[in-house]
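Coordinates in review
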Amino acid sequence: MTIRLGLIILWLAWCAAHSLLITRAASGWIERKGGAWPALHRLGYVCFSGASLLPLLWLTARAQQQPLAMPAWLVPVRMAGGLYALIMLVGGLWAYDVQSFLGLRQWRDFRQGQTAAPPLFQQTGILQVVRHPWYSGGIALLWSLPGFTDVTLLVRILLTVYLVAGAWLEERKLHHTFGAPYRSYCQDVPMLVPWKLFRR
């Protein structure tokens, strides 16, 4: 029980740090510092997130766990979830500027003395059916992975809540950045579940 509680606390700390580092307050503080800080913000965030995630995954895998029996009918559901997650991932790769997402473009522009390009409001490809394909696909991936145990069930629930909260925080930033056009977009395209596809 102590190990399980410790894991939950560590996951909660990771989720909190991961979210706080890209809030508008944190981004504004970085912008005010100037110099290389804004250019390194996204790249440093991505590196920190990945480096801090690996030990957590290792600790979770090493923890003593009790396997959970899953009904047979969940197998095709999990497979469909995995396929959906893949579609969302690939669709996002086509729609997003991956170099900007990783922070590589910002750092390169800074080193070349170029002004960072303003963010673009995109509605192409997968973004025509769901506003946050990577958050949506991430949730589907969490529940389609094998290895259900008492520990991984808690982690999946926690990360699902975290991804929904992350999408909501991202929404606030996008509303602030793009204003009325984004509000209009939100009325036409669902945030996480592309349910309007089933109405066509």
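Residues numbered from 1 in each chain as written. Predicted model: local features only at pLDDT ≥ 70, side-chain atom pairs only at ≥ 80, totals over all residues. Heavy atoms only, no water.

Some words on the environment of H18
Checked against the element boundaries, H18 lands in helix α1 (residues 2-20). Given the relative accessible area of 14%, H18 is considered buried. The spacing of H18 and L158 is 140 residues in sequence and 14 Å in space, taken between C-alpha atoms. (Helix = DSSP H or I, 4+ residues; strand = E, 2+ residues; numbered from the N terminus. Buried < 20%, exposed > 50% of the residue type's maximum accessible area, 1.4 Å probe, protein only.)

Some details on the packing of aromatic side chains
Between two aromatic rings, the relevant description is the distance of the centres plus the angle of the planes. Enumeration over the complete set of coordinates arrives at 11 aromatic pairs. Ring centres of W107 and F110 lie 5.6 Å apart, and the angle between their planes is 25°; this geometry places the pair in the stacked category. Of this pair, W107 and F110 are both found in helix α6 (residues 104-111), 3 residues apart, which corresponds to roughly one turn of the helix. Note on F110: relative accessible area 37%, which makes it partly exposed. When the centroid spacing of 5.4 Å and the interplanar angle of 75° are considered together, the rings of F121 and Y185 count as edge-to-face. Taken together, the residues span a long stretch of sequence, with F121 in the loop between α6 and α7 (133-144) and Y185 in helix α9 (residues 180-188) at a distance of 64 residues. Here the aromatic cluster, defined as three or more aromatic residues joined through ring pairs, consists of F121, F178, Y182 and Y185. The residue whose ring lies beneath R156 is F148, and the NZ or CZ to ring-centre distance is 4.0 Å. (Phe/Tyr/Trp six-rings, centres within 6.5 Å; stacked < 30°, edge-to-face > 60°. Lys NZ or Arg CZ within 6 Å of the ring centre and 35° of its normal.)

Considerations on the pattern of salt bridges
According to the stated counting rule, one finds 2 salt bridges in the structure shown. Close ionic contact of D97 with R105 constitutes a salt bridge, the shortest N to O distance being 2.8 Å. In this structure, E171 and R131 form a salt bridge, with 2.8 Å as the shortest nitrogen-oxygen distance. Taken as a pair, E171 in helix α8 (residues 150-178) and R131 in the loop between α6 and α7 lie far apart in primary sequence, 40 residues in all. (Salt bridge = Lys/Arg side-chain N within 4 Å of Asp/Glu carboxyl O.)

Notes on a nonpolar patch on the surface
Together, L83, L86, I87, L89, V90, L93 and W94 give the surface a local cluster of nonpolar side chains, amounting to about 740 Å² of exposed area. By secondary structure assignment, the location of I87 is in helix α4 (residues 74-95). (Patch = residues over 30% accessible without salt bridge, like charges linked within 9 Å, V, L, I, M, F, W, Y side chains within 5 Å. Areas by Shrake-Rupley, 256 points an atom, 1.4 Å probe, with all protein chains shown as cover.)

Observations regarding the packing of α7 against α8
One way to put it is that α7 packs onto α8 with a least axis distance of 10 Å and a crossing angle of 175°. By the angle between their axes, α7 is roughly antiparallel relative to α8. Where α7 abuts α8, its residues Y135, G138, I139, L142 and W143 lie against L153, R156, I157, L159, T160, L163, V164, G166, A167 and E170. A per-class count over the contact of α7 with α8 returns 10 nonpolar, 3 polar and 2 charged. (Axes fitted to C-alpha atoms, helices over the stretch in contact; angles between N-to-C directions. Parallel < 35°, antiparallel > 145°, perpendicular 65-115°, else oblique. Contact = heavy atoms within 4.5 Å. Nonpolar A, V, L, I, M, F, W, Y, C, P; charged D, E, K, R; others polar.)

With respect to the side chain of S49
Residue placement: S49 occurs in helix α3 (residues 37-62). Filtering out sequence-adjacent residues up to four positions away, S49 remains in contact with W14 and H18.

Quick notes on the packing of α3 against α6
Two elements in contact, α3 and α6, have axes whose closest approach is 8 Å; the angle formed by their N-to-C orientations is 155°. The pairing of α3 with α6 is recorded here as roughly antiparallel in orientation. Remark: the crossing between α3 and α6 carries left-handed chirality. Residues A39, L40, R42 and L43 of α3 form the contact with α6, whose own contacting residues are L104, Q106, W107 and F110. When the residues that make up the contact of α3 with α6 are grouped by side-chain class, the tally is 6 nonpolar, 1 polar and 1 charged. (Left-handed = near helix turned anticlockwise from the far one by under 90°.)

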